[in-house]
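# A structural walkthrough
Here are the chains, one letter per residue:
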Amino acid sequence: MSETVLMRGKIKAVEIGEDSLEDYCRKLANSKGITEIHSYNHSWMEEVQYELPNYMVLNGKLYEVLESEDLDAEDLRIFNKHEDGTIDYAVSFYNGGTCLSEVLEDGLRDMEEQ
C-alpha cells in the first residue's frame with residue numbers, strides 16, 4: 001500500500017572517469033558479484049539502480065547514497081546553526097497538541113545536548 005514517506009540523507013556523485021555511464025555501471029555491478037543483467041532490467045544502469053540500493057542514476061549521473069534515514073512525517077525537526085548565530089529550522093507537528101514555540105524549545109534543547 002502506498003503511503004507518504006519522509007526521508008533525509010546524503011548522496012555524492014560518483015566519479016566515473018573516462019568510462020561511459022553504462023560501462024562504469026557494468027564494472028560496479030561486477031565488483032558486487034552481479035555478472036548478468038536480470039531479465040526485468042534493460043541495461044547495466046538499470047541493474048545498478050534496482051539491484052544496488054546504495055546507488056542511483058539521477059539525471060544521467062551515478063550517485064552513491066552515503067546516508068539514508070526514514071523520518072516520522074508527523075514529527076520532523078531539523079535545526080542548522082550557522083556561524084553568524086542564526087538557526088534555520090524545518091518542523092512539522094500536530095497543532096492541536098503543541099505550538100511552534102514548544103517545538104522550537106525542544107529542538108534547541110536537543111541541539112545543545114549534542
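Please read all numbers here as calculations on a predicted model, not as lab measurements.

### So, the layout of surface pockets
Empty space within the largest pocket amounts to approximately 190 Å³. Residue lining of the largest pocket: Arg8, Arg77, Ile78, Phe79, Gly107, Asp110, Met111 and Gln114, and that is the complete set. Among the secondary structure elements, those contributing two or more residues to the lining of the largest pocket are β4 (77-81) and α3 (100-113). Per-class residue counts for the lining of the largest pocket are three nonpolar, two polar and three charged.

### Things to note about the pairing of β4
Where β4 and strand β5 (residues 87-91) come together, five bridges link them in antiparallel fashion. Within β5, the position partnered with Asn80 by the bridge is Asp88. What sits between the antiparallel neighbours β4 and β5 is a turn of five residues, in which Gly85 has the positive phi angle 95°.

### Considering the sheet that holds strand β2 (residues 55-58)
Sheet architecture is open: three strands sit in the order β1-β3-β2, paired in antiparallel fashion. Two strands bound the open sheet, and with one partner strand each, they are β1 (6-13) and β2. Across the sheet, the axes of successive neighbouring strands diverge by a mean angle of 45°, strand direction being ignored. As paired strands, β1 and strand β3 (residues 61-71) are joined by eight bridges and run antiparallel to one another. Directly across from Arg8, in β3, lies its bridge partner Glu69. In the packing of helix α1 (residues 21-31) onto the sheet, the strands contacted are β2 and β3, and the crossing angle to β3 comes to about 55°.

### Structural notes on the packing of α1 against helix α2 (residues 44-51)
Interhelical geometry of α1 versus α2 gives an angle of 45° and a closest axis separation of 8 Å. Taken as axis vectors, α1 and α2 run oblique relative to one another. Every pair of crossing elements has a handedness; the one defined by α1 and α2 is left-handed. Residues Leu21, Glu22, Cys25, Arg26, Leu28, Ala29 and Asn30 of α1 form the contact with α2, whose own contacting residues are Trp44, Met45 and Val48. Looking at side-chain class alone, the contact of α1 with α2 contains seven nonpolar, one polar and two charged residues.

Calculation rules
- Residues numbered from 1 in each chain as written.
- Predicted model: local features only at pLDDT ≥ 70, side-chain atom pairs only at ≥ 80, totals over all residues.
- Heavy atoms only, no water.
- 1 Å grid on protein atoms, 1.4 Å probe; cavity = no way out; pocket = protein on both sides within 12 Å on 5 of 7 lines; lining within 4 Å.
- Points joined across faces, edges and corners; volume = space filled by probe spheres on them.
- Helix = DSSP H or I, 4+ residues; strand = E, 2+ residues; numbered from the N terminus.
- Nonpolar A, V, L, I, M, F, W, Y, C, P; charged D, E, K, R; others polar.
- Pairing = 2+ DSSP bridges.
- Axes fitted to C-alpha atoms, helices over the stretch in contact; angles between N-to-C directions.
- Contact = heavy atoms within 4.5 Å.
- Parallel < 35°, antiparallel > 145°, perpendicular 65-115°, else oblique.
- Left-handed = near helix turned anticlockwise from the far one by under 90°.

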